Amino acid sequence: MSGLQRFALALVIIGAINWGLIGFFQFDLVAAIFGGQDATLARIVYGLVGISGLYCLTLLFKPSEELSREGHAEHNRV
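Parameters at a glance
- Residues numbered from 1 in each chain as written.
- Predicted model: local features only at pLDDT ≥ 70, side-chain atom pairs only at ≥ 80, totals over all residues.
- Heavy atoms only, no water.
- Helix = DSSP H or I, 4+ residues; strand = E, 2+ residues; numbered from the N terminus.
- Buried < 20%, exposed > 50% of the residue type's maximum accessible area, 1.4 Å probe, protein only.
- Expected span 1.5 Å × (residues − 1).
- Core = buried A, V, L, I, M, F, W, Y, C linked by side-chain atoms within 4.5 Å.
- Contact = heavy atoms within 4.5 Å.

**Student:** Looking at this model, I keep getting lost on the overall build of the protein chain. Mind explaining?
**Tutor:** For the protein chain, the helix and strand inventory stands at 4 helices and 0 strands. Starting at the N terminus, the α and β elements of the protein chain follow one another as α-α-α-α. Expressed as a percentage of the 78 residues in the protein chain, the buried residues total 22%.

Here it is as structure tokens:
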């Protein structure tokens, strides 16, 4: 998995945690940290999470053989 894919996946996980907080506790962590939903930084984070989600779709449709080859290549480099 490339660095970009890891970064995108991390942002998607952050977004999922934020949505879980909204769903269970009606608390928007991103908005709380960056000054509300309309704050520029919060909107940037929301946008990056959305773009990351779209990018992670490529992982969903990547052939499993290619994913396993990448994993073995990275494991051998460590």
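**Student:** What is the right way to look at helix α1 (residues 3-25) in this model?
**Tutor:** Residue pairs three or four apart in sequence face the same way in an α-helix, which turns once every 3.6 residues. Taking 1.5 Å of rise per residue, 23 residues should cover 33 Å, and α1 covers 32 Å from first to last C-alpha, within 8% of that figure. If you check which residues of α1 are buried, you get Gln5, Ala8, Leu11, Gly15 and Asn18. Phi for Gln26, located one or two positions after α1, is positive at around 50 degrees.

**Student:** Looking at this structure, I do not really get the nonpolar core. What am I missing?
**Tutor:** If you look at soluble globular proteins, the nonpolar side chains tend to sit buried side by side. Listed in full, the 6 residues of the largest apolar core are Leu11, Val30, Ala39, Ala42, Val45 and Val49. Counting residues per element, this core draws most heavily on helix α3 (residues 40-60), which supplies 3 residues.

**Student:** Can you walk me through the environment of Leu29 in this structure?
**Tutor:** Here Leu29 lies in helix α2 (residues 29-34). Sequence spacing of Leu29 and Asn18 is 11 residues, and the spatial spacing of their C-alpha atoms is 6.0 Å. Not counting residues within four places of it along the chain, the set of residues in contact with Leu29 comprises Asn18 and Leu21.

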